[in-house]
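In case you want the letters, here they are:
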Amino acid sequence: MLWRSSVKSTLGFVATMGNLHQGHLSLLESSLKDHPISVLSIFVNPAQFNETSDFNRYPRTLESDCKLANELLQKNPGRELIVYAPNDPKEIYPDGFSSVVSVPLLSQDLEAEFRPGHFEGMSTVVYLLLHLVKPQTAYFGRKDYQQYRIVKRMARDLGLPVHIKGMSIIRAEDGLALSSRNQFLKGKEREEALEIRKALLHIERLLANSHKNTELARNWAQNMMSTDSRWQYLDVREARSLSKVIPNKGKVVILGLLKVGDVRLLDNLELELK
Ligand code: AMP
């Protein structure tokens, strides 16, 4: 990016796969507020999909994405926005590309168990994009919690001069976390999808009412999983390391994956044990 060397002001960056909704736009809004120039990347990264069918059906809506991004830009006078939307994966992965960026300790289970290679594909592309854009701040949604922790760890371990900022989950009015995949929910599935949020809130209450007895909460989660095959995982973890070992005090995260129809719904809830 020859352009990058001419930019002297600070730069904010939001990486997406497009099909923008309010969740993505909240990230971009923060970037536009914090920095004179923002870069929004839109790239459906083949390397992070395990199934070609999932990659092929991923919604590609570049025109309306640009319209939404532009509307937001208009509300932030004096700010600049660059949309980077490589159409050909070869722009990111030139012929012969053979490298992988990996954060093994945080990619052992949860999503990784069900999507082998997903996080390696994700962290490699995020590394390449950060290297290209060289932002001061990169905004990631806490909705994809494991992804956020992996990117933060990668940036720290590899000494990347960027602040990885984790942003709040944006939800629909009824509590469902916004996701580009929600549009694939058919008929009653939309209502069924709310069960993930309900389970997370239930575990939060269990922790509060049992004086933070994480074993009790975990048993409840395990019982849910053994009686309902739609759950791929539901667990309480230490927030930064995603370790199963939970300290008496500090931040924990309740993470869940519920499969409704053929849609994988991801959600989580962070809380502080005091
Ligand atoms: P994606 O296009 O799905 O790869 O998401 C791009 C970025 O938007 C990631 O950092 C996601 O975590 C973030 N994101 C997606 N949905 C939401 C949401 N509902 N709330 C907050 N951030 C989100």
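Q: Would you mind going over the side chain of His35 with me for this structure?
A: Mapped onto the secondary structure, His35 falls in the loop between helix H2 (22–34) and strand S2 (37–42). For His35, the side chain forms a polar contact with the side chain of Tyr139, separated by 3.4 Å. Setting aside residues up to four positions removed in sequence, His35 forms contacts with Thr10, Leu11, Gly12, Arg79, Gln136, Thr137 and Tyr139.

Q: Sorry if this is basic, but what is going on with the pattern of salt bridges here?
A: Side-chain pairing between opposite charges can occur once the charged atoms of the two side chains come close. Counted by the stated rule, this structure contains 20 salt bridges. With a shortest N-O distance of 3.6 Å, Glu215 and Arg218 are connected by a salt bridge. Remark: Arg218 and Glu215 occur in helix H10 (residues 214–227); sequence separation between them is three residues, near one turn of the helix. For Glu215, a relative accessible area of 46% puts it in the partly exposed group. Among the ionic pairs, Arg230 bridges to Asp228, the shortest N-O distance being 2.6 Å. Each member of the salt-bridge network shares a partner with another, and the members are Asp109, Glu215, Arg218, Asp235 and Arg237.

Q: Any chance you could explain the site of the ligand here in plain terms?
A: Among the 17 residues in the neighbourhood of the ligand, the closest are listed as Met17, Gly141, Asp144, Ile170 and Leu178. Here an oxygen atom of the ligand and a backbone polar atom of Met17 are 2.9 Å apart. The contact in question runs from an oxygen atom of the ligand to an N or O atom on the side chain of Asp144, over 2.6 Å. Considered on its own, the ligand offers 490 Å² of accessible surface; in the complex 93% of this is hidden by protein. Where the shell around the ligand is concerned, the elements lending two or more residues are strand S1 (11–16), H2 and strand S4 (137–141). Classifying every residue of the shell around the ligand gives eight nonpolar, seven polar and two charged.

Q: Just checking my understanding: could you explain the packing of helix H6 (residues 118–133) against helix H7 (residues 145–157) for this structure?
A: The relative placement of two packed helices comes down to the angle between their axes together with the axis-to-axis distance. Running from N to C, H6 and H7 cross one another at 50°; their axes reach a closest spacing of 10 Å. The angle between H6 and H7 places the two elements in the oblique class. Here the hand of the crossing between H6 and H7 comes out right-handed. Note on element contacts: H7 touches H6 through Gln146, Gln147, Ile150, Val151 and Met154, opposite Phe119, Met122, Ser123, Val126, Tyr127 and Leu130. In terms of residue class, the contact of H6 with H7 is made up of eight nonpolar, three polar and no charged.

Q: Could you clarify how one ought to interpret the sheet that holds strand S7 (residues 250–260) in this entry?
A: By way of backbone hydrogen bonds, the strands of a sheet pair with one another, either parallel or antiparallel. If you trace the three strands from one edge of the open sheet to the other, you get S6-S7-S8, paired in antiparallel fashion. In the strand order of this sheet, the two ends are held by strand S6 (231–238) and strand S8 (263–273), each with one partner. Looking at each pair of strands side by side, their axes are set apart by 10° on average, direction ignored. By the bridge criterion, seven bridges tie S6 to S7 in an arrangement that is antiparallel. Paired with Tyr233 across the two strands is Leu257, which belongs to S7. Of the strands in this sheet, S6, S7 and S8 touch helix H9 (residues 195–209), which is tilted by about 20° from S8. The strands touched by H10 are S6 and S8; relative to S6, the strand with the most contacts, the crossing angle is about 170°.

Q: Explain the packing of aromatic side chains to me, please; I cannot follow it from the model alone.
A: Applying the stated criterion to the full structure yields six aromatic pairs. Between Phe43 and Tyr93, the aromatic rings sit 6.5 Å apart at their centres with planes inclined by 50°, giving tilted as the arrangement. Residue Phe43 is located in the loop between S2 and helix H3 (52–57), and its partner Tyr93 is located in the loop between strand S3 (80–84) and helix H5 (111–114); the two are separated by 50 residues in the primary sequence. When the centroid spacing of 5.7 Å and the interplanar angle of 75° are considered together, the rings of Phe49 and Tyr58 count as edge-to-face. Within the aromatic cluster, the residues linked to one another by ring pairs are Phe43, Tyr93 and Phe97. Cation over ring: Arg57 sits above Phe184, and NZ or CZ is 4.0 Å from the ring centre. In this arrangement the basic side chain of Arg60 is found over the ring face of Phe55, its NZ or CZ atom lying 4.7 Å from the centre.

What counts and what doesn't
Residues numbered from 1 in each chain as written. Predicted model: local features only at pLDDT ≥ 70, side-chain atom pairs only at ≥ 80, totals over all residues. Heavy atoms only, no water. Helix = DSSP H or I, 4+ residues; strand = E, 2+ residues; numbered from the N terminus. Polar contact = N/O pair within 3.5 Å; in protein donor to acceptor, adjacent residues only side chain to side chain. Contact = heavy atoms within 4.5 Å. Salt bridge = Lys/Arg side-chain N within 4 Å of Asp/Glu carboxyl O. Buried < 20%, exposed > 50% of the residue type's maximum accessible area, 1.4 Å probe, protein only. Near = heavy atom within 4 Å. Areas by Shrake-Rupley, 256 points an atom, 1.4 Å probe, with all protein chains shown as cover. Nonpolar A, V, L, I, M, F, W, Y, C, P; charged D, E, K, R; others polar. Axes fitted to C-alpha atoms, helices over the stretch in contact; angles between N-to-C directions. Parallel < 35°, antiparallel > 145°, perpendicular 65-115°, else oblique. Left-handed = near helix turned anticlockwise from the far one by under 90°. Pairing = 2+ DSSP bridges. Phe/Tyr/Trp six-rings, centres within 6.5 Å; stacked < 30°, edge-to-face > 60°. Lys NZ or Arg CZ within 6 Å of the ring centre and 35° of its normal.

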